[in-house]
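Residues per chain, in single letters:
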Amino acid sequence: MAVPDYQSLMLPLLTLAADRNEHNIREAIETLANQLKLTEQDREELLPSGKKRKFDDRVHWARTYLIKALLIENAGRAKFRLTERGWEVLKSNPNHINNKYLRRFPEFISFIDSKSNGEVTAEKITEEISQTPQEILDSSYQSLRKTLAQELLENIKNSSPKFFENLVVDLLIAMGYGGSRKDAGQAIGQVGDGGIDGIIKEDKLGFDVIYIQAKKWEGTVSRPDVQGFAGALMGRKANKGVFITTSNFSKQAIEFASGIDGRKIILIDGEQLAQLMIDHDIGVTEESKYIIKKIDLDYFSEE
């Protein structure tokens with residue numbers, strides 16, 4: 001049989017998790033392939049990029065969508081398990097599960113629908129076929145990047161404080177700060193007083209330094225938290241600081257940071273952190289690269 005589309009794999013994948021145990025995605029791929037009686041040729045079929053098996057990729061997408069609908073949840077690296085909502089869905093004995101079915105869950109709608117910035121999702125691409133090929137390509141790229149950022153943030157939140165500390169060091173070095181890896185590694189996490197977690201060089205020669213607050217937060221970072229950091233900077237007569245969190249900042253915190261006279265505090269929330277990691281190749285690896293070319297009209301000019 002042909003490789004099923006990812007929506008057709010949603011119900012089989014959810015059913016696989018019906019035992020309420022943790023399941024490894026790699027084992028799930030093998031189990032589903034056997035259940036569907038895929039041939040070896042089917043299982044080895046690659047995506048157009050030639051870098052990933054089509055069936056594996058579609059199971060991963062089915063898993064992602066089920067997670068966004070809260071029917072299954074992450075249970076560690078490359079692992080997942082059924083949620084109570086997923087159990088209730090299975091008890092209703094649905095004939096199929098697809099994107100239309102998942103739209104009954106508000107969390108899935110929030111994930112799949114366009115954001116206020118006008119972003120177009122992969123779901124809408126299938127509905128708006130009037131888009132040009134370039135528009136479809138751009139929209140698909142943004143959708144993939146958004147999903148990658150969300151996966152990065154989930155993994156960061158599941159990591160240890162020490163791992164997060166090292167991640168911040170790796171990112172700052174990739175962005176051009178910190179001097180050597182050794183210097184940067186010694187700087188972060190060594191201060192720990194007055195609301196400051198670390199100090200890092202602004203440039204390789206160390207002409208100036210930046211004070212850092214880097215925390216794994218569950219709730220919203222409030223104005224008093226940022227005020228405390230600003231006070232710590234003032235106590236050290238410092239002018240530059242970066243506050244990094246895995247969650248987000250309240251409106252009041254953002255307004256406070258942007259209105260400080262004589263000092264510059266940059267706020268980096270979880271979404272921005274993930275985007276910076278993608279931009280600077282931290283925690284991600286290149287899977288495919290597409291180069292879009294257009295006609296060079298100057299070449300064909302005979303004047």
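The rules we used
Residues numbered from 1 in each chain as written. Predicted model: local features only at pLDDT ≥ 70, side-chain atom pairs only at ≥ 80, totals over all residues. Heavy atoms only, no water. Helix = DSSP H or I, 4+ residues; strand = E, 2+ residues; numbered from the N terminus. Buried < 20%, exposed > 50% of the residue type's maximum accessible area, 1.4 Å probe, protein only. Contact = heavy atoms within 4.5 Å. Areas by Shrake-Rupley, 256 points an atom, 1.4 Å probe, with all protein chains shown as cover. Polar contact = N/O pair within 3.5 Å; in protein donor to acceptor, adjacent residues only side chain to side chain. Axes fitted to C-alpha atoms, helices over the stretch in contact; angles between N-to-C directions. Parallel < 35°, antiparallel > 145°, perpendicular 65-115°, else oblique. Left-handed = near helix turned anticlockwise from the far one by under 90°. Nonpolar A, V, L, I, M, F, W, Y, C, P; charged D, E, K, R; others polar. Core = buried A, V, L, I, M, F, W, Y, C linked by side-chain atoms within 4.5 Å. Pairing = 2+ DSSP bridges. Right-handed = clockwise from strand over helix to strand, strands pointing away. Phe/Tyr/Trp six-rings, centres within 6.5 Å; stacked < 30°, edge-to-face > 60°. Lys NZ or Arg CZ within 6 Å of the ring centre and 35° of its normal. Salt bridge = Lys/Arg side-chain N within 4 Å of Asp/Glu carboxyl O.

Draft legend 1. View of the overall build of the protein chain. Summing up its helical and strand segments, the protein chain has 14 helices and eight strands in all. The buried share among the 303 residues of the protein chain stands at 38%. By sequence separation, contacts in the protein chain at least 24 residues apart represent 61% of the contacts at least 6 residues apart. Of the roughly 17,700 Å² of accessible surface on the protein chain, a fraction of 51% belongs to carbon and sulfur atoms.

Draft legend 2. Examining the side chain of Lys 68 more closely. As for its position among the elements, Lys 68 is in helix α4 (residues 54–68). Engagement of the side chain of Lys 68 in a polar contact is seen with the side chain of Gln 150, the distance being 3.3 Å. Within the structure, the side chain of Lys 68 is placed 3.3 Å from the side chain of Glu 154, a separation counted as a polar contact. Beyond its immediate sequence surroundings of up to four residues, Lys 68 is in contact with Glu 107, Phe 108, Phe 111, Gln 150 and Glu 154.

Draft legend 3. Structural context of the packing of helix α2 (residues 25–35) against α4. Here α2 crosses α4 at 115°, and the two axes come no closer than 10 Å. Taken together, the axes of α2 and α4 lie roughly perpendicular to each other. By crossing handedness, the relation of α2 to α4 is classed as right-handed. Facing α2, whose interface residues are Ile 25, Arg 26, Ile 29, Leu 32 and Ala 33, α4 presents Phe 55, Asp 56, Val 59, His 60 and Arg 63. Here the residues of the contact of α2 with α4 are counted per class, giving six nonpolar, one polar and three charged.

Draft legend 4. Here's a closer look at the nonpolar core. Within the largest apolar cluster, 34 residues are counted, with the highest numbers of intra-cluster contacts made by Leu 13, Leu 14, Phe 55, Leu 66, Ile 97 and Leu 102. Breaking this core down by element, the ones donating at least two residues are α1 (10–16), α2, α4, β3 (79–82), α5 (84–91), α6 (99–102) and α7 (106–112). At six residues, α4 tops the list of elements feeding residues into this core. Once residues lying within four places of it in the same chain are set aside, the contact partners of Phe 55 are Val 3, Pro 4, Leu 9, Ile 29, Leu 32, Ala 33, Leu 36 and Leu 38. Judged by nonpolar contacts, the second largest core, of 21 residues, contains Leu 152, Leu 171, Leu 172 and Met 277.

Draft legend 5. Inspection of unusual backbone geometry at higher detail. If you check the backbone angles, Arg 20 has positive phi at about 70° while not being a glycine. The phi dihedral of Asp 281 is positive, around 60°, even though this residue is not glycine. Considering the arrangement of structural elements, one finds Asp 281 in the segment after α14 (270–279).

Draft legend 6. Geometry of the pairing of strand β8 (residues 264–268). Pairing of strand β7 (residues 240–245) with β8 involves five bridges; the strand directions are parallel. Bridge pairing links Phe 243 to Leu 267 in β8. On the question of chirality, the crossover connecting β7 to the parallel β8 by way of helix α13 (residues 251–258) is right-handed.

Draft legend 7. Inspection of the packing of aromatic side chains at higher detail. Taken as a whole and assessed by the stated rule, the structure comprises ten aromatic pairs. Summarising the aromatic geometry, the rings of Tyr 65 and Phe 111 are spaced 5.7 Å apart at their centres and angled 85° between planes, so their arrangement reads as edge-to-face. In this pair, Tyr 65 sits in helix α4 while Phe 111 sits in helix α7, placing the two residues 46 residues apart along the sequence. Centroid distance Phe 229 to Phe 243: 5.6 Å. Interplanar angle 90°. Geometry classified as edge-to-face. Taken together, the residues Phe 229 in helix α12 (residues 223–235) and Phe 243 in strand β7 connect sequence positions 14 residues apart. For Phe 229, a relative accessible area of 0% gives the class buried. Taking NZ or CZ as reference, Arg 104 lies 3.6 Å from the ring centre of Tyr 101, over its face.

Draft legend 8. Region of interest: the pattern of salt bridges. If you walk through the whole model with that rule in mind, you get 18 salt bridges. Among the ionic pairs, Lys 68 bridges to Glu 154, the shortest N-O distance being 3.3 Å. Of this pair, Lys 68 sits in helix α4 while Glu 154 sits in helix α9 (residues 133–157), and the two are 86 residues apart along the sequence. The class of Lys 68 is buried, set by a relative accessible area of 13%.

Draft legend 9. Structural context of the sheet that holds β3. In spatial order, the strands read β1-β3-β2; together these three strands make up an open sheet with antiparallel pairing. The open sheet has two edge strands, β1 (23–24) and β2 (72–74), and neither has a second partner. Pairing of β2 with β3 involves three bridges; the strand directions are antiparallel. From the neighbouring strand, Ile 72 faces β3, where its bridge partner is Leu 82.

No statement about biological role is implied by the geometric values presented.
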